[in-house]
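# Working through the structure, step by step
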Amino acid sequence: MSHKPFKAVIPAAGLGTRFLPATKAMPKEMLPVVDKPAIQYVVEEAVQAGITDVLIIIGRNKNNLSNHFDSVPELESNLLRKGDQEKLAKVQHSSDMADIHFVRQGDPKGLGHAVLRAKAHVGDHPFVVMLGDDLIDERDPLLTTMLAEHERTGAAIVALMEVDSAHIHQYGVAVVETTDNPDVVKITGMVEKPTAEEAPSNLAVIGRYVLAPAVFDVLEHTQPGKGGEIQLTDALQEMATSEPGVYGVVFRGRRYDTGDKLDYIKAIVQLAADRDDLGPALRPWFKEFAAKL
Ligand code: UTP
C-alpha cells in the first residue's frame, strides 16, 4: 500500500432522476442495498484500501447523507440501555469508520463540476474519486490495484470494464493501446456515451478514478460537454494527450450500478444471496420463484 495520504472524494450530488420518485427527497446514494445505504459500501471500500479521509460532495437533500455518517446519541443510548451491542455496533460503525467531510456542489452541473468542488479539501495530493452509486464487490478489490498502478506510472488511473454493445451508450468509452500487462491499457482518448457504431472499444469507464491534483486545473477550463454538463471524461480526454497520461485498469470482478433500477434490484438479490444471515433462506425461495416465471 502507498504511504501517500490519499483522500477519497465521493460525488453524491446528482439528481438521480432515473429513480424518481424515490429520490425526490433522498439522494440515490442513500437507497438501501439490503440493509446499508449504497454509499456506505463505497466508504467501506475506501477504508479497506487504507483511505480514512473521505469527502462527500452533496447536493439538495444533504441532511439524509450527513445524518447517516453522524452519531445519533438518543438511538445509541437506547440500544445501550437494552444491551443490544450488535445493533449498537452497526449504528456506530458508519460514524466511526472514517473521517467524513462534506462540501456542497450547489447547482449539479456535472460530475467534473462536482469533482472540482473537492479542490480545497484535496490540496496538493493525488486522490481517488469513487462514485457513490457504483459498488465494487469487496471480494474483488479494485482500488488497491489502481493505487499501485498510479504509484508505478504517476499517471491518472481509471477503472474500465468490458461492456456489450447493447449497453455501451450508457458509458464513457476509452480509446486504448495495449501494454505489457493484459489488465492495464494506455488510454489515448475518451468518448462520452457513444452509440454502438461510434464506440472506439468495448471498454467503458466505471466509477473509480485515481487522479493527480493537476486535474483541477484542467476542470477549471473544461467547457460543458454532453448533456450540457461539465464532464470528468472531457478533462481525462485532455489529460490523455499529455504526459504522464491516463491508464486504465480493466476490472473483471463483480460490480453493481445501484443508480440503475434493474442493476439495483440485481445487486440486492446477489448480495443478499451470498450473506450468511439471508442466503440460506433466500436461495431456495428464489429458485422456487424463478421456476414459476
Ligand atoms: P449520474 O449521471 O449517474 O447521476 O452521475 P445523476 O445525474 O444523478 O443520475 P440520473 O441519470 O439523473 O438518474 C454519476 C455520479 O456523479 C454524481 C452523481 O451523484 C453520481 O454519483 N453527480 C452527477 C454529481 O455529484 N453532481 C452532478 O452534477 C452530476
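Keep in mind it's a predicted model, so treat the numbers as computed, not measured.

## With respect to the overall build of the protein chain
Within the protein chain, the regular secondary structure consists of eleven helices and 13 strands. For the protein chain, the C-alpha radius of gyration of 20 Å lies close to 19 Å, the compact-globule estimate for 293 residues. Structurally, the protein chain occupies a C-alpha span of about 60 × 50 × 40 Å along its principal axes. For the protein chain, with 293 residues in total, the buried portion stands at 48%. For the protein chain, the share of sequence-separated contacts (at least 6 apart) that also reach a separation of at least 24 residues comes to 76%. On the protein chain, roughly 14500 Å² of surface is accessible, and the fraction owed to carbon and sulfur atoms is 53%. Where the 31 positive side-chain charges of the protein chain centre and where its 42 negative ones centre are 6 Å apart.

## A closer look at the site of the ligand
Neighbouring residues of the ligand: 19 residues in total, closest Gly16, Thr17, Glu29, Gln105 and Gly110. Contacts to the ligand include Thr17, whose side-chain N or O atom sits 2.5 Å from an oxygen atom. Between Gln105 and the ligand, the recorded distance is 2.7 Å, taken from a side-chain N or O atom to a nitrogen atom. Considering the ligand on its own, with 580 Å² of exposed area, one finds that the protein chains cover 84% of that surface.

## Quick word on the pairing of strand E1 (residues 7-12)
Across the six residues of E1, six count as buried, placing the element largely inside the fold. Of the two faces of E1, the one lined by Lys7, Val9 and Pro11 and the one lined by Ala8, Ile10 and Ala12 are each fully buried. As defined by bridge partners, E1 adjoins strand E6 (residues 127-130) across three bridges and the pair is classed as parallel. Among the inter-strand pairings, Lys7 is bridged to a residue of E6, identified as Phe127. Of the strand pairs in this sheet, E1 and strand E4 (residues 53-58) are connected by five bridges, and their pairing is parallel. Across the sheet, the residue bridging to Ala12 is Ile58, located in E4.

## Side note on the environment of Ala98
Secondary-structure assignment places Ala98 in the loop between helix H4 (85-96) and strand E5 (99-104). Among the residues examined, Ala98 registers a relative accessible area of 12% and is labelled buried. When near neighbours in sequence (up to four residues on either side) are disregarded, Ala98 contacts Val43, Val47, Thr52 and Val54.

## Considering the side chain of Thr258
Its place among the elements puts Thr258 in the loop between strand E13 (255-257) and helix H10 (261-273). Sequence-distant contacts of Thr258, defined by excluding residues within four places in its chain, comprise Phe19, Val33, Ala38, Asp133, Leu135, Tyr264 and Ala267.

## Some points on empty space enclosed by the protein
Here the structure, examined in full by the defined rule, presents one cavity of 30 Å³ or more. Of the pockets and cavities examined, the largest cavity occupies roughly 50 Å³. Ala12, Ala13, Gly14, Leu15, Thr23, Met26, Pro27, Gly59, Arg60 and Asn61 together form the lining of the largest cavity. Here the residues of the lining of the largest cavity sort into five nonpolar, four polar and one charged.

## Considering the layout of surface pockets
One number sums up the size of the largest pocket: a volume of about 1100 Å³. Forming the walls of the largest pocket are 40 residues, and the residues nearest its centre are Arg18, Lys28, Leu111, Leu131 and Lys193. Looking at the lining of the largest pocket, the elements with two or more residues in it are E1, helix H5 (111-116), strand E11 (203-211), helix H9 (232-239) and E13. Here the residues of the lining of the largest pocket are counted per class, giving 13 nonpolar, 14 polar and 13 charged. Considered as a void within the structure, the second largest pocket measures approximately 780 Å³ in volume. In terms of lining, the second largest pocket is formed by 27 residues, of which the most central are Asp35, Lys36, Gln40, Tyr41 and Glu44. Of all elements in the fold, only strand E3 (36-37), helix H1 (38-48), helix H2 (62-68), H4 and strand E7 (134-136) reach the threshold of two or more residues within the lining of the second largest pocket. Classifying every residue of the lining of the second largest pocket by side-chain character gives ten nonpolar, six polar and eleven charged.

## Overview of the pattern of salt bridges
Two side chains carrying opposite charge are able to pair once their charged atoms lie near each other. Within the structure shown, the criterion is met by 15 salt bridges. Residues Arg139 and Asp274 are paired through a salt bridge, measuring 2.9 Å at the closest nitrogen-oxygen approach. Note that Arg139 is positioned in the loop between E7 and helix H7 (143-153) and Asp274 in the loop between H10 and helix H11 (279-291), a separation of 135 residues in sequence. Overall, Arg139 belongs to the partly exposed group, its relative accessible area being 40%. Salt-bridge contacts for Asp140 lead to Arg254; the nearest nitrogen and oxygen are separated by 2.9 Å. Within this pair, whereas Asp140 is found in the loop between E7 and H7, its partner Arg254 is found in the loop between strand E12 (246-250) and E13, the two being separated by 114 residues in sequence.

The rules behind the values
Residues numbered from 1 in each chain as written. Predicted model: local features only at pLDDT ≥ 70, side-chain atom pairs only at ≥ 80, totals over all residues. Heavy atoms only, no water. Helix = DSSP H or I, 4+ residues; strand = E, 2+ residues; numbered from the N terminus. Rg over C-alpha atoms; globule rule 2.2 N^0.38 Å. Buried < 20%, exposed > 50% of the residue type's maximum accessible area, 1.4 Å probe, protein only. Contact = heavy atoms within 4.5 Å. Areas by Shrake-Rupley, 256 points an atom, 1.4 Å probe, with all protein chains shown as cover. Lys, Arg positive; Asp, Glu negative; His and termini not counted. Charge placed at Lys NZ, Arg CZ, Asp CG, Glu CD. Near = heavy atom within 4 Å. Polar contact = N/O pair within 3.5 Å; in protein donor to acceptor, adjacent residues only side chain to side chain. Pairing = 2+ DSSP bridges. 1 Å grid on protein atoms, 1.4 Å probe; cavity = no way out; pocket = protein on both sides within 12 Å on 5 of 7 lines; lining within 4 Å. Points joined across faces, edges and corners; volume = space filled by probe spheres on them. Nonpolar A, V, L, I, M, F, W, Y, C, P; charged D, E, K, R; others polar. Salt bridge = Lys/Arg side-chain N within 4 Å of Asp/Glu carboxyl O.

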